[in-house]
Amino acid sequence: HVRRGDLKENDFRATKDEYYFKLAERIRQQLPTADMHLWSSTKNIEAFADKPLWKSSDFDGFRDRGLQVHLDDDDLLEPWAHLARAHIFVMSQSSFSYVPAALNPNC
């Protein structure tokens, strides 16, 4: 999970893409055929729903590195189900990530 939707680009809680790119590269070195997914959001919080801070193209660097990008899921149970079963779970500074991390028996 990469926290984005509610954060401005320069917010300290928005971990830089390069951090995730390096981790993805290290994972690929060890597991070249790993099926890698990223969940995030371009949508801002409800109070500012008409002022998105991110766009889909902001995630092109992840796509370029072979990650399947999932944005703005209508049902939050789907990303949680995937994250709770991941064999390798990379998460951002986010309470959204905490629940599936705590439930994940693989991590």
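Parameters at a glance
- Each chain carries its own residue numbering, running from 1 in the written order of its sequence.
- Per-residue local features are limited, in this predicted model, to residues with pLDDT of at least 70; the limit for side-chain atom pairs, both in listing and counting, is 80 or more; totals at the level of whole chains, interfaces and linings are taken over all residues.
- Side-chain calculation: all heavy atoms of the structure are included, whereas hydrogens and water are not.
- The helix and strand labels rest on DSSP assignments: H or I over at least four residues marks a helix, E over at least two residues marks a strand, and numbering proceeds from the N terminus.
- Atoms counted for the radius of gyration: C-alpha only. Globule rule: 2.2 Å times residue count to the power 0.38.
- Three exposure classes are used, based on accessible area relative to the maximum for each residue type with a 1.4 Å probe and protein chains only: buried under 20%, partly exposed in between, and exposed over 50%.
- In what follows, residue pairs with any heavy atoms lying within 4.5 Å of each other are defined as contacts.
- Surface accessibility in these figures is a Shrake-Rupley result with a 1.4 Å probe; residues are shielded only by whichever protein chains are displayed.
- Charged residues are defined here as Lys and Arg on the positive side and Asp and Glu on the negative side; His and the ends of the chain fall outside this count.
- By convention, the point assigned to a charge is CZ for Arg, NZ for Lys, CD for Glu and CG for Asp.
- For this analysis, a salt bridge means a side-chain nitrogen from Lys or Arg found within 4 Å of a carboxyl oxygen belonging to Asp or Glu.
- By arc we mean the arc of the directions from the helix axis to the C-beta atoms, nothing more.
- Here, nonpolar core means buried Ala, Val, Leu, Ile, Met, Phe, Trp, Tyr and Cys residues that are tied together by side-chain atoms lying within 4.5 Å of each other.

Peer 1: What exactly am I supposed to notice about the overall build of the chain here?
Peer 2: Helix and strand counts for the chain stand at four helices and two strands. What you see in the chain, going N to C, is helices and strands ordered as α-β-α-β-α-α. Rg of the C-alpha trace for the chain: 14 Å, near the compact-globule value of 13 Å for 107 residues, within the 12% margin. Burial status across the chain gives 35% buried among its 107 residues. Taking contacts inside the chain between residues at least 6 apart in sequence as the whole, the part at least 24 apart equals 55%. A total accessible area of about 7,200 Å² is found for the chain, and carbon and sulfur atoms account for 53% of it. Across the chain, the mean location of the 14 positive side-chain charges is 5 Å away from that of the 17 negative side-chain charges.

Peer 1: Just to check I follow, could you spell out the pattern of salt bridges for this structure?
Peer 2: In a structure, side chains of opposite charge can pair up when their charged atoms sit close to one another. A complete count under the given rule lists five salt bridges for this structure. Between Asp58 and Lys55 there is a salt bridge, and its shortest N-O distance comes to 3.5 Å. Here Asp58 falls in the partly exposed class, since its relative accessible area comes to 26%.

Peer 1: Any chance you could explain helix 3 (residues 77-85) here in plain terms?
Peer 2: Three or more residues of helix 3 are buried, namely Pro79, Leu83 and Ala84. Burial along helix 3 is one-sided: seen end-on, the buried residues are contained in an arc of 130°. Facing away from the buried side of helix 3 by more than 90 degrees, the exposed set consists of Leu77 and Arg85. Against strand 1 (37-40) and helix 4 (95-103) lie the buried residues of helix 3.

Peer 1: Could you clarify how one ought to interpret the nonpolar core in this entry?
Peer 2: Taken as a class, soluble globular proteins show a tendency for nonpolar side chains to be buried jointly. The biggest cluster of nonpolar side chains holds 11 residues, and these are Val2, Tyr20, Phe21, Ala24, Ile27, Met36, Leu38, Phe59, Phe62, Leu67 and Val69. Looking at which element gives the most residues to this core, the answer is helix 1 (residues 17-30), with four residues. Ignoring anything within four residues of it in the chain, the contact list for Phe21 reads Gly61, Phe62 and Arg65. Judged by nonpolar contacts, the second largest core, of five residues, contains Trp39, Leu83, Ala86 and Phe96.

So far we have only geometry, and geometry alone does not tell us how the molecule works.
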